[in-house]
Amino acid sequence: MNIVLLGAPGAGKGTQAQKLVEEYGLPHISTGDLLRAAVKAQSELGVKAKSYMDAGQLVPDALVVDLVKERLSQDDAKDGFILDGFPRNTAQAEVLDAELSKEGLKLDAALLVSVKPEVIVKRLSSRRTCKSCGYTAPAGVDTCPRCGGEMYQRDDDKPETIQRRLDTYERETAPLVGYYREHGILKEVDGDRPVDDVYADVKVLLGL
Ligand code: AP5
Ligand code: ZN
């Protein structure tokens with residue numbers, strides 16, 4: 001199954017993806033995680049991407065698209081994937097459709113996790129992320145339950161950057177809701193409920 005996760009920063013895309021990965025073993029392709037790994041490695045891409053990420057802006061398409069194409073070309077993505085954080089604008093969505101159709105593939109669902117902005121600001125300010133594997137949890141969890149790595153606060157989870165990320169989402173990414181609705185694959189879940197309740201609905205919506 002080929003799935004795209006849509007939703008504002010902090011809506012819970014990564015959290016729901018983690019649960020789908022644990023239960024169904026689909027590869028979780030998060031452009032945020034891939035970009036943070038590039039920043040950590042101080043690769044050419046990472047050096048270029050960092051200033052955009054710190055400012056709460058989208059990294060230019062040319063940089064992100066190649067990263068995703070490369071990841072989707074790996075063998076484990078041929079039998080299904082969960083794309084988290086990509087596409088983030090209409091141009092990226094069109095590239096994705098074109099790349100998949102070259103392989104005779106298509107998206108099965110675009111799942112929108114909806115949460116009100118005020119809830120998001122609270123969630124992101126208290127989020128901690130694993131330095132090693134990217135696992136996320138609310139503040140208070142100091143050691144990653146998945147790999148034992150150290151949990152830290154992302155640079156872009158500071159209040160002023162959170163607001164900028166929300167603005168970027170509204171301006172550039174929210175139009176994708178209409179795009180996928182027109183393509184007949186949009187599914188929407190209310191993400192402002194306990195994680196397991198959201199996940200139960202996610203499975204029903206995806207027919208799992
Ligand atoms: P990215 O890493 O993709 O960040 P994001 O979209 O802002 O998403 P988040 O990871 O912040 O949120 P999430 O929805 O996954 O929430 P989570 O599950 O962690 O991107 C970062 C940056 O990279 C971008 O700003 C941009 O610069 C760049 N970038 C990435 N992709 C790009 C692209 N395609 N093009 C251009 N640039 C790109 O949950 C949040 C918190 O809430 C956690 O603490 C979690 O434990 C908690 N939580 C989750 N669900 C619930 C619940 N139901 N109830 C209570 N708490 C919950
Ligand atoms: Zn970890």
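Further up the page is the structure itself.
Everything numeric in this text was worked out from a predicted model, so none of it was measured.

Asker: What is the right way to look at the nonpolar core in this model?
Answerer: A general tendency of soluble globular proteins is for nonpolar side chains to be buried together. Ranked by size, the top nonpolar core spans 54 residues in total, and within it Leu-6, Leu-35, Leu-83, Leu-96, Leu-107, Tyr-180 and Val-202 carry the most contacts. When residues of this core are assigned to their parent elements, the largest contribution, six residues, is made by helix H4 (residues 61–72). Once you skip the residues sitting within four places of it in the chain, Tyr-180 turns out to touch Val-4, Leu-6, Pro-87, Ala-93, Leu-96, Leu-107, Ala-110, Ile-185 and Leu-186. By size, the runner-up hydrophobic cluster in this structure holds five residues, among which are Cys-130, Ala-137, Cys-144 and Met-151.

Asker: I would appreciate a short explanation of the pattern of salt bridges in the present structure.
Answerer: Side chains carrying opposite charge are able to pair once their charged atoms draw close together. Enumeration according to the criterion identifies 19 salt bridges in this entry. We note a salt bridge from Lys-102 to Glu-99, for which the minimum N-O separation is 2.9 Å. Taken together, the positions of Lys-102 and Glu-99, both in helix H5 (residues 90–102) and three residues apart, correspond to about one turn of that helix. Residue classification places Lys-102 among the exposed positions, given a relative accessible area of 64%. The exposure class of Glu-99 is partly exposed, given its relative accessible area of 21%. A salt bridge links Asp-157 to Arg-127; the shortest N-O distance between them is 2.8 Å. With a gap of 30 residues between them, Asp-157 in the loop between strand E7 (151–152) and helix H7 (159–173) and Arg-127 in strand E5 (residues 127–130) connect regions that are remote in the sequence. When its relative accessible area of 14% is taken as the criterion, Arg-127 is described as buried. Several salt bridges converge on common partners, so that one network encompasses Arg-127, Arg-154, Asp-156, Asp-157 and Arg-165.

Asker: Explain the coordination of the zinc ion (ligand 2) to me, please; I cannot follow it from the model alone.
Answerer: Around the zinc ion (ligand 2), the protein contributes the donor atoms Cys-130 (SG), Cys-133 (SG), Cys-144 (SG) and Cys-147 (SG), which lie 2.3 to 2.4 Å from the metal centre. Between consecutive donor residues of the zinc ion (ligand 2), the sequence gaps follow C-x2-C-x10-C-x2-C. Taken together, the residues Cys-130 in strand E5 and Cys-144 in the loop between strand E6 (136–138) and E7 connect sequence positions 14 residues apart.

Asker: So what exactly am I meant to see when it comes to the site of ligand 1 here?
Answerer: Neighbouring residues of ligand 1: 34 residues in total, closest Thr-15, Gln-57, Arg-88, Arg-127 and Arg-165. Within the backbone of Gly-12, an N or O atom sits 3.0 Å from an oxygen atom of ligand 1. At 2.7 Å, a side-chain N or O of Arg-165 approaches an oxygen atom of ligand 1. Within the complex, 92% of the 1000 Å² of free accessible area of ligand 1 lies under protein. Breaking the shell around ligand 1 down by element, the ones donating at least two residues are helix H1 (13–24), helix H2 (31–40), helix H6 (117–125) and E6. No other element matches H2, which puts four residues into the shell around ligand 1. Along the lines of polarity and charge, the residues of the shell around ligand 1 split into 14 nonpolar, 11 polar and nine charged.

Asker: For this particular structure, what's the right way to read the environment of Val-202?
Answerer: Mapping Val-202 onto the fold places it in helix H9 (residues 195–206). A relative accessible area of 0% places Val-202 in the buried class. Each C-alpha atom of the pair Val-202 and Asp-61 lies 29 Å from the other, and the pair is 141 residues apart in sequence.

Conventions used here
Residues numbered from 1 in each chain as written. Chains lettered and ligands numbered in written order. Predicted model: local features only at pLDDT ≥ 70, side-chain atom pairs only at ≥ 80, totals over all residues. Heavy atoms only, no water. Core = buried A, V, L, I, M, F, W, Y, C linked by side-chain atoms within 4.5 Å. Buried < 20%, exposed > 50% of the residue type's maximum accessible area, 1.4 Å probe, protein only. Helix = DSSP H or I, 4+ residues; strand = E, 2+ residues; numbered from the N terminus. Contact = heavy atoms within 4.5 Å. Salt bridge = Lys/Arg side-chain N within 4 Å of Asp/Glu carboxyl O. Donors = N, O, S within 2.8 Å, 3.2 Å for Na, K, Ca; no water. Near = heavy atom within 4 Å. Polar contact = N/O pair within 3.5 Å; in protein donor to acceptor, adjacent residues only side chain to side chain. Areas by Shrake-Rupley, 256 points an atom, 1.4 Å probe, with all protein chains shown as cover. Nonpolar A, V, L, I, M, F, W, Y, C, P; charged D, E, K, R; others polar.

Interpretation in functional terms is not warranted from these geometric data alone.
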